[in-house]
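Close look at the chain arrangement
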There are 2 protein chains.
Amino acid sequence: MKIKQLTIIGVGLIGGSFARAIRSAGMIEKIIGCGRNTQNLEKALALGVIDDFYLDIQSAVKQADLIFIATPVCSFQQILTEVKEAMKADAIITDAGSTKSSVIAAAKAVFTEVPENFIPGHPIAGTENSGVEASFAELYQDHRVILTPLENSNASALECVQELWEAAGAKVVTMTAQHHDLVLAATSHLPHLLAFSLVNTLTTLDEKQEIFENAAGGFRDFTRIASSDPVMWQDICLANRDALLEHLDHFSHDLQELRSALVKGDGEKLKAVFTRAKQSRDSFMNSGSNNDKK
Amino acid sequence: MKIKQLTIIGVGLIGGSFARAIRSAGMIEKIIGCGRNTQNLEKALALGVIDDFYLDIQSAVKQADLIFIATPVCSFQQILTEVKEAMKADAIITDAGSTKSSVIAAAKAVFTEVPENFIPGHPIAGTENSGVEASFAELYQDHRVILTPLENSNASALECVQELWEAAGAKVVTMTAQHHDLVLAATSHLPHLLAFSLVNTLTTLDEKQEIFENAAGGFRDFTRIASSDPVMWQDICLANRDALLEHLDHFSHDLQELRSALVKGDGEKLKAVFTRAKQSRDSFMNSGSNNDKK
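Residues numbered from 1 in each chain as written. Chains lettered and ligands numbered in written order. Predicted model: local features only at pLDDT ≥ 70, side-chain atom pairs only at ≥ 80, totals over all residues. Heavy atoms only, no water.

Comments concerning the interface of chain B and chain A
- Contact with chain B, which involves 90 residues of that partner, is made by 90 residues of chain A.
- Carbon and sulfur atoms make up 64% of the area that chain B and chain A hide from each other, which totals about 8500 Å².
- Per-residue buried area on chain B facing chain A is highest for B:F222, B:F274 and B:R281; these three make up 9% of the total on that side.
- Counting across the chain B and chain A interface gives 6 salt bridges.
- Taking the shortest distance from any N to any O, the salt bridge between A:R259 and B:D249 comes out at 2.7 Å.
- Where chain B meets chain A, there are 30 residue pairs in polar contact (both at pLDDT 80 or more).
- Elements with a minimum of two residues in the side of chain B that touches chain A: β8 (144-147), α7 (177-204), α8 (208-213), α9 (217-223), α10 (230-239), α11 (241-264) and α12 (267-286) of chain B. (Contact = heavy atoms within 4.5 Å. Buried area = accessible area lost by both parts, 1.4 Å probe. Salt bridge = Lys/Arg side-chain N within 4 Å of Asp/Glu carboxyl O. Polar contact = N/O pair within 3.5 Å; in protein donor to acceptor, adjacent residues only side chain to side chain. Helix = DSSP H or I, 4+ residues; strand = E, 2+ residues; numbered from the N terminus.)

Here is the structure:
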């Protein structure tokens, strides 16, 4: 399969890496970049990640066979509004948004009915770095990509997007958008919220100075994700609010039970919870699942 | 400074590494091991970590100039009861317990008044492995050791313990036991509790299978400490219950505020918390503090 023109909206780590990957795989003739940061786009051009760029979405997408949206999910509705005005009728649209229900809602708001060629997607990959200079072709190698096609999604469009991700080295799985959002709320969004909250709480305490000085590797690992981009995570939390609240409430409930066990000095209960957690995690780690940071 | 005989009670990762480190530093003539696991002690002997061993504490400590207790904190009172019966009057006792107030309470219960030669300590170091085979001389290199001497602590005893840790490559700081327990509750004990609780909660959910399959590096790092030893952590949580509850309640309170912000869609509040956390963590990471996992 070969695509004539790919337009990437948001040529950062994610968009840039996708471009590099499928160009290396020889699946694309021409790559157009689009975004709001001229400096970044010029860099992308200089690096050969893209062949040309436009600041204006309509110009960028009018010849595109595939449109890849790799911007924060809160920007999708505004972007899709522009895309709709100029895209070719049979162009495929896909994305890399961290939440899927909100992306589909944005598509519905713009198109009334989600186009059959719109294949929502989410690559479970990333690093703490950003911008096109951080992008690299191997980012998705052995990583998982979740596609959340809708009932009306066109089978060829789905197949095309799947093939591209597989050419980038990823393993593609499909699920409903709702399921995706719940799963990601559990594995990614809630941990981020907890890490941010813990570090914020500790920052407030009198002992802050010594808290951090006396912290060790366990604290560093646990809080690593609290060094993530605040704006990106504000965006994700709001976009996936319902699923996140659901998991947060489960978590808070169980934490209160653990608190009660602590108050009562119920060592057996603590041990039971800790043992179950350890077994579960060890089993997960040994299963060889190899998704990287997101 | 040279010590004639060191007795290590609990020749595991921590005790074994201490033995190796100060032997490498040429500060010890003879090392006696003591514990309940004959196989581990024989291994320690075969590895040259110790020169001899006893299963019986009284025999092990009677000639000791320095007694190093590296067992779970819940066992201290029973151990100190035996130590008291046989130790030399001027022997120095120190330890590696993860909590300090409970250790001091155990010493008070056994000795009525905490001996002036008892210098409670806590090396902020460790790995996920255990047993004497996991021990190595460099474990404490560039790591922090917290000593919590009491008002009546003998200055020479304190100096001796400090010199030994420094010879092992550690940086020694002192603080009150209460302060130690609060700081460690914040940086270590609470994160462990949260990680155990989160993994336990997720294990209960219907989506468990896919939760773990779709987890990425962020989840792995956040939950790494949930692979810690459940018995050791039951012990630590119970021993440091008050400090842990204090921090847990702060955390839960702030998390509920974050929940409210989420419910209201208050993006600014979320961003403010996330930004503060990121700045705090980045600043801590850049300060070059180099304590390893505990």
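Moving on from the coordinates now.
Remarks on the relation of the copies chain B and chain A
- Its rotation angle being 180°, the transformation that places chain B on chain A also includes 0.0 Å of axial translation and leaves an RMSD of 0.0 Å. Taken together, the rotation angle and the small translation identify this as a two-fold axis. Considering only C-alpha atoms, the residue of chain B closest to the rotation axis is B:F222, which sits at 2.0 Å.
- Most of the interface of chain B is mirrored in chain A: 100% of its interface residues are interface residues there too. (Least-squares fit on C-alpha atoms with pLDDT ≥ 70 in both.)

Describing the sheet that holds strand β6 (residues 118-119) of chain B
All names here are of chain B.
- Spatial ordering of the open sheet is given by β3-β2-β1-β4-β5-β6, a layout of 6 strands whose pairing is parallel. Lying at the two open borders of the sheet, with one neighbouring strand each, are β3 (52-54) and β6.
- Across 4 bridges, strand β1 (residues 3-9) lies against strand β4 (residues 66-69) in parallel orientation. Of the residues in β4, the one forming a bridge with T7 is I67.
- Set on the sheet, helix α4 (residues 76-86) makes contact with β1, β4 and β5 (92-95); between it and β4 the angle comes to about 160°. (Pairing = 2+ DSSP bridges. Axes fitted to C-alpha atoms, helices over the stretch in contact; angles between N-to-C directions.)

So, the packing of α11(B) against α12(B)
Residues and elements named next belong to chain B.
- The N-to-C vectors of α11 and α12 enclose an angle of 140°; their axes lie 8 Å apart at closest approach. Considering their axes alone, α11 and α12 lie oblique with respect to each other. Counted together, E257, L258, A261 and L262 of α11 and K269, L270, V273 and F274 of α12 form the full contact between these two elements.
- The class makeup of the residues in the contact of α11 with α12 is 6 nonpolar, no polar and 2 charged. (Parallel < 35°, antiparallel > 145°, perpendicular 65-115°, else oblique. Nonpolar A, V, L, I, M, F, W, Y, C, P; charged D, E, K, R; others polar.)

Observations concerning the nonpolar core
- Membership of the largest hydrophobic core comes to 66 residues, with the highest contact counts inside it found for A:F251, A:F274, B:F251 and B:F274.
- Setting aside chain neighbours within four positions, we find A:F251 in contact with A:L190, A:L194, B:L194, B:S197, B:L198, B:T201, B:F251 and B:L255. (Core = buried A, V, L, I, M, F, W, Y, C linked by side-chain atoms within 4.5 Å. Buried < 20%, exposed > 50% of the residue type's maximum accessible area, 1.4 Å probe, protein only.)

Details of the sheet that holds strand β7 (residues 121-124) of chain B
Residues and elements named next belong to chain B.
- Strand order in the open sheet formed by 3 strands is β7-β8-β9, and the pairing between neighbours is mixed. The two strands at the open ends of the sheet, each matched to only one other strand, are β7 and β9 (171-174). For this sheet the average axis-to-axis angle between neighbouring strands, irrespective of direction, equals 25°.
- In terms of strand pairing, β8 meets β9 through 4 bridges, oriented parallel. Among the inter-strand pairings, L147 is bridged to a residue of β9, identified as T174.
- Its contacts with the sheet put helix α6 (residues 155-167) on β7, β8 and β9, and the angle it makes with β8 is roughly 170°.

Remarks on the domain arrangement of chain A
All names here are of chain A.
- You can read the domains of chain A as domain 1 (3-175) and domain 2 (180-286).
- Just the C-alpha atoms count here: the centres of domain 1 and domain 2 sit 31 Å apart.
- For the domain 1 and domain 2 pair, buried surface summed over both sides reaches about 940 Å², with 62% attributable to carbon and sulfur atoms.
- Broken down residue by residue, the surface that domain 1 buries against domain 2 is led by S98, T99 and E128, which jointly contribute 44%.
- Inspection of the region where domain 1 meets domain 2 yields 0 salt bridges.
- Considered class by class, the residues forming the side of domain 1 that touches domain 2 number 6 nonpolar, 6 polar and 2 charged. (Domains from an automatic or database assignment.)

Let's talk about the pairing of strand β2 (residues 28-34) of chain B
Residue and element names in this part refer to chain B.
- β2 sits mainly inside the fold: 5 of its 7 residues count as buried.
- As paired strands, β1 and β2 are joined by 6 bridges and run parallel to one another. What sits directly across from I8, in β2, is G33.
- You can see the chain leave β1, run along helix α1 (residues 13-24) and come back into β2, and the turn it takes is right-handed.
- Sheet topology note: the β2/β3 ladder contains 3 bridges and is parallel. (Right-handed = clockwise from strand over helix to strand, strands pointing away.)

Focus: the packing of aromatic side chains
Residue and element names in this part refer to chain A.
- All chains considered together, the criterion is met by 17 aromatic pairs over all chains.
- Note on Y140 and W165: the rings are 4.8 Å apart at their centroids and 80° apart in plane angle, and the pair reads as edge-to-face. Taken as a pair, Y140 in the loop between β7 (121-124) and β8 (144-147) and W165 in helix α6 (residues 155-167) lie far apart in primary sequence, 25 residues in all. Here Y140 and W165 have matching classes, each one buried.
- Taken together, the ring pairs connect F18, F68, Y140 and W165 into an aromatic cluster. (Phe/Tyr/Trp six-rings, centres within 6.5 Å; stacked < 30°, edge-to-face > 60°.)

Some thoughts on the pattern of salt bridges
Residues and elements named next belong to chain A.
- Overall, the coordinates contain 18 salt bridges over all chains when judged by the stated rule.
- Notably, a salt bridge pairs D95 with K100, separated by 2.7 Å at the nearest N-O pair.
- In this structure, K269 engages E257 in a salt bridge whose closest nitrogen and oxygen atoms are separated by 3.6 Å. Highlighted residues: K269 in helix α12 (residues 267-286) and E257 in helix α11 (residues 241-264), separated in sequence by 12 residues.
- Residue class for K269 comes out partly exposed when judged on its relative accessible area of 30%.
- E257 gets classed as partly exposed once you look at its relative accessible area, which sits at 37%.

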